[in-house]
Amino acid sequence: MSRPIILQILLASLAALPLSSGFVTPQSSSGGMATKATTTTALSVKRMPITMPTQEPLVPYRAPGSSYDQFIGLKSRQLRDRKLWIAQYIDEEASNSIISSLLYLQSENDKEDIKLYLNIPGANLRPALAIYDAISELKADGVKIATTNIALCAGMGSLIAGAGTKGMRYSLPNARFLLQKTGMDQVFRGQATDIALEVRNVKKWNEKMNGEISKVTGQSLERIDNDLKRDFYLSSEEAVRYGLIDEV
């Protein structure tokens, strides 16, 4: 275990030690004469179980040209190896972080591959489309991007999994994919004409998403529209046959 982590554990344990003071009250002697009062302070120690810290694990890393190692976060260390984990629901904040990481890796070296490891339980439409567009732009600039589904890619997560460079889209054997139509990000209220406009907008985006799925899978628009009438689950092997990924 590294020294910084040991120090954090010791400091957390010391901070949990409660102190209590005890006082000895005056006692009278057998002859009835009061003796001199004495006061003592006792240290009451309650041992707490030692637990591991809950923050991101630290791993050693030696920067190029440096003569010593330093401890950095595990995700930061993997990012230096051009490996990016996307294992969360994608909203605006997550999208900004992911896109900035992709652009940073491109600026560092636009010749080396970028590896994305995906476990996406769902996503908001616009933030996920921003990531999809960023991946497409990087591929257009000549950057090869490998995607690997490690557990579940649902909704727009499936489209991101299929957006990798052809021949470099992978999945673990027991991972799953879920293709489904997009919907409203939140409950919409308003006049009937406003609701009708929103419904037409959702229909328009569903048609656009069918076109993007057709691009990455090679399936016809008619088949995709028919498959997505209900939630469409795919195993890793079925995703290969469907054209969403290349290899298990």
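Fair warning: this is a prediction, and the values are worked out from it, not measured in the lab.

**Q** Residue-level account of the overall build of the protein chain, with values.
**A** Per the secondary structure count, the protein chain includes eight helices and eight strands. Looking at the protein chain as a whole, 33% of its 248 residues qualify as buried. Residue pairs in contact within the protein chain that sit at least 24 positions apart in sequence constitute 63% of those at least 6 positions apart. Carbon and sulfur atoms provide 54% of the accessible area of the protein chain, an area that totals close to 15,800 Å².

**Q** Help me get a handle on the packing of aromatic side chains, residues and values and all.
**A** Geometrically, a pair of aromatic rings is defined through the distance of the ring centres and the angle of the planes. Going through the model one piece at a time under the given rule, you end up with two aromatic pairs. Ring plane angle 25 degrees and centroid distance 5.1 Å describe the contact between W85 and Y117, whose orientation is recorded as stacked. In this pair, W85 is assigned in strand 3 (residues 83-86) and Y117 in strand 4 (residues 114-120), connecting sequence segments 32 residues apart. Centre to centre, the rings of F232 and Y242 are 5.4 Å apart; their planes meet at 55 degrees, and the pair counts as tilted. Here F232, found in strand 8 (residues 232-235), pairs with Y242, found in helix 8 (residues 236-242); they are 10 residues apart in sequence, far enough to count as distant.

**Q** Explain the side chain of Q219 residue by residue, including any values.
**A** Along the chain, Q219 falls in the loop between helix 6 (192-217) and helix 7 (221-227). Given a relative accessible area of 15%, Q219 falls into the buried group. If sequence neighbours within four positions are ignored, Q219 has contacts with S214, I224, R241 and Y242.

**Q** Explain helix 3 (residues 92-108) to me, and be specific about the residues and the numbers.
**A** Between its first and last C-alpha, helix 3 extends 24 Å over 17 residues, near the 24 Å set by a 1.5 Å rise per residue. Listing the buried residues of helix 3 in full gives A94, S95, I98, I99, S101, L102, L105 and Q106. Mapping the buried residues of helix 3 onto a view down its axis gives an arc of 155 degrees, with all of them on the same face. In this structure, helix 3 carries E93, N96, S107 and E108 as exposed residues pointing more than 90 degrees from its buried face. Packed against the buried residues of helix 3 are helix 2 (74-80), strand 3, strand 4 and helix 4 (125-140).

**Q** Hey, could you go over the environment of I131 for me, with residue numbers and the actual values?
**A** Take I131: it is sitting in helix 4. With 29 residues separating them along the chain, I131 and L102 place their C-alpha atoms 9.2 Å apart.

**Q** Can you tell me about the layout of surface pockets, naming the residues and giving the values?
**A** Taken as a whole, the largest pocket spans an internal volume of roughly 370 Å³. Along its surface, the largest pocket is lined by 15 residues, and K75, L84, W85, Q88 and S97 are the ones closest to its centre. Elements represented by at least two residues in the lining of the largest pocket include exactly helix 2, strand 3 and helix 3. A per-class count over the lining of the largest pocket returns seven nonpolar, five polar and three charged.

**Q** Would you mind going over the pattern of salt bridges in detail, with residue names and values included?
**A** Across all of its chains, the model carries eight salt bridges by this definition. For E112, the salt bridge identified is with R82, shortest N-O distance 3.9 Å. Of this pair, E112 sits in the loop between helix 3 and strand 4 while R82 sits in the loop between helix 2 and strand 3, and the two are 30 residues apart along the sequence.

**Q** Give a description of helix 6 that names residues and reports values.
**A** Taking 1.5 Å as the rise per residue, helix 6 with 26 residues should run 38 Å; its terminal C-alpha atoms sit 37 Å apart, in good agreement. Among the residues of helix 6, those classed as buried are V202, N206, M209, N210, E212, I213, S214, V216 and T217. Just beyond helix 6, the residue with positive phi is G218, at close to 85 degrees.

**Q** Got a sec to walk through the environment of E108? Specific residues and values, please.
**A** By the element assignment, E108 lies in helix 3. As a C-alpha pair, E108 and R80 span 28 residues in sequence and 9.7 Å in three-dimensional space.

Conventions adopted
Residues numbered from 1 in each chain as written. Predicted model: local features only at pLDDT ≥ 70, side-chain atom pairs only at ≥ 80, totals over all residues. Heavy atoms only, no water. Helix = DSSP H or I, 4+ residues; strand = E, 2+ residues; numbered from the N terminus. Buried < 20%, exposed > 50% of the residue type's maximum accessible area, 1.4 Å probe, protein only. Contact = heavy atoms within 4.5 Å. Areas by Shrake-Rupley, 256 points an atom, 1.4 Å probe, with all protein chains shown as cover. Phe/Tyr/Trp six-rings, centres within 6.5 Å; stacked < 30°, edge-to-face > 60°. Expected span 1.5 Å × (residues − 1). Arc of directions from axis to C-beta. 1 Å grid on protein atoms, 1.4 Å probe; cavity = no way out; pocket = protein on both sides within 12 Å on 5 of 7 lines; lining within 4 Å. Points joined across faces, edges and corners; volume = space filled by probe spheres on them. Nonpolar A, V, L, I, M, F, W, Y, C, P; charged D, E, K, R; others polar. Salt bridge = Lys/Arg side-chain N within 4 Å of Asp/Glu carboxyl O.

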